[in-house]
Amino acid sequence: MNLSLKQKIWLEKAMQEHNQEESTQLKQLVKEDQTAEISSVLVCKKCHQDMTDDDHKPMSLAPCGHTLCKNCLEKLESKRCPFCNAKIEATAINFSLKKISENIEDENVIPDFKQKLDEVTEKIAAIFERLDENKKNQNETQEKIRINSIVLNKLKEDFEEIKLKRQILGDKLEEARKKVEKATQEEEDLTIIVEEKKKAAEIENLENIIKSNN
């Protein structure tokens, strides 16, 4: 494809602006530690391979600005962007992505997933341990509640039994009191009768003495 000098300058400028914008976005993602987003940017949208080696180095398409790997670019049947169908006027290495992919491990952009997995596993284990401890404490609490409930029911039964015995004893005491009152009354009545009979006998003796003297 023969391009004029003006077209080449325009395409080169457009590619630089696109790469600069893309680099700025990547730096922002790095700053925010958006691992998943960074990883998705470094993957070819056509073959879904990481654009980290020479066969899959990131290639920018002009003028649309889309990026795909070198391998997919070479396999294109037509000189059109596979994403937007725009005509491909020129291609260039996407140095911003290439630099990120080359230095990604040194700059620790993507964290150690194994370490994160271990940390998550430890946290999950700690959670289950706390759940087991809570379950154990809950079982102990339920057992204490059950025992206390048994003791409380026994105390209620004892209280009702004492209450019943107290009522029976009260009835017996009342009955005994009435018997004592009755016996006392009978004794008083008997005493009165005895006194009356004694006086009557004395009067009768006195009358007999008077009669005998006459």
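Everything numeric in this text was worked out from a predicted model, so none of it was measured.

What the chain contains, in helices and strands, is five helices and three strands. Moving toward the C terminus, one meets the helices and strands of the chain in the order α-α-β-β-α-β-α-α. Within the chain, contacts between residues at least 6 apart in sequence are counted, and of these 54% link residues at least 24 apart.

So, about the nonpolar core. One finds C44, M51, L61, L68, C69, C72 and L73 to be the most contacted residues of the largest nonpolar core, which totals 13 residues. At the level of elements, β1 (58-62), β2 (67-69) and α3 (70-74) are the ones that each hand at least two residues to this core. Once residues within four sequence positions are removed from consideration, C72 is found in contact with C44, K46 and C47.

Take a negative patch on the surface next. A cluster of acidic residues, D50, D53, D54, D55 and E74, forms a negative patch on the protein surface. On the secondary structure map, D54 appears in the loop between α2 (35-41) and β1.

This model, assessed by the stated rule, comprises six salt bridges. Here E143 makes a salt bridge to R146, at a shortest N to O gap of 2.7 Å. Here E143 and its partner R146 are both found in helix α5 (residues 113-213), three residues apart, which amounts to about one turn of the helix. A residue is classified by how much of its surface remains accessible, and R146, at 44% relative accessible area, is partly exposed. Note that E174 is salt-bridged to R177, the shortest N-O span being 2.4 Å. Pair noted here: E174 and R177 are both in helix α5, with a separation of three residues, about one helical turn. According to the relative accessible area criterion, E174 is partly exposed, its value standing at 32%. When salt bridges with common partners are traced through the structure, they connect E174, R177 and E181 into a single cluster.

Among the five residues that make up β1, five are buried, leaving the element largely enclosed by the rest of the structure. Pairing of β1 with β2, which is carried by three bridges, proceeds in the antiparallel orientation. Directly across from S60, in β2, lies its bridge partner T67. If you look at the hairpin formed by β1 and β2, you'll find four residues sitting between the two strands, and G65 has a positive phi there, around 90°. Relative to strand β3 (residues 90-93), β1 is paired through four bridges, and the arrangement is antiparallel. Bridging across to β3, A62 finds its partner in A90.

Here the focus is the sheet that holds β3. What the three strands build is an open sheet, ordered β2-β1-β3; its pairing is antiparallel. The strands lining the two open edges of the sheet, one partner per strand, are β2 and β3. The mean inter-strand angle of the sheet, taken between neighbouring strand axes irrespective of direction, is 35°.

Rules of the game
- Counting starts from 1 at the beginning of each chain's written sequence and moves along it residue by residue.
- It should be noted that, the model being predicted, local features are given only for residues of pLDDT at least 70 and side-chain atom pairs only at 80 or more, the latter also being counted only at that level, while totals for whole chains, interfaces and linings use all residues.
- The side-chain values count all of the structure's non-hydrogen atoms but skip hydrogen atoms and water molecules.
- Each helix corresponds to a stretch of at least 4 residues labelled H or I by DSSP, and each strand to a stretch of at least 2 residues labelled E; elements are numbered beginning at the N terminus.
- When checking whether two residues touch, look at their non-hydrogen atoms; a contact exists if any pair is within 4.5 Å.
- For our purposes a nonpolar core is just a set of buried Ala, Val, Leu, Ile, Met, Phe, Trp, Tyr and Cys residues, chained together by side-chain atoms within 4.5 Å.
- We call a residue buried when its accessible area falls under 20% of the maximum for its residue type, exposed when it is over 50%, and partly exposed in between, using a 1.4 Å probe and counting protein chains only.
- By definition, no residue in a patch forms a salt bridge, and every one has over 30% relative accessible area; like charges are joined within 9 Å, nonpolar side chains (Val, Leu, Ile, Met, Phe, Trp, Tyr) within 5 Å.
- Areas reported as accessible are Shrake-Rupley estimates using a 1.4 Å probe. Residue values count occlusion only from the protein chains shown.
- Counted as salt bridges are all cases of a side-chain nitrogen of Lys or Arg within 4 Å of a carboxyl oxygen of Asp or Glu.
- A positive count includes Lys and Arg, and a negative count includes Asp and Glu. His and the chain ends are not counted in either.
- In this description, the location of a charge corresponds to atom NZ of lysine, CZ of arginine, CG of aspartate or CD of glutamate.
- Any two strands with at least two DSSP bridges between them are considered paired.
- Only C-alpha atoms enter the line fits that serve as axes; for helices the fit covers just the stretch in contact. Angles between N-to-C directions range over 0 to 180 degrees.

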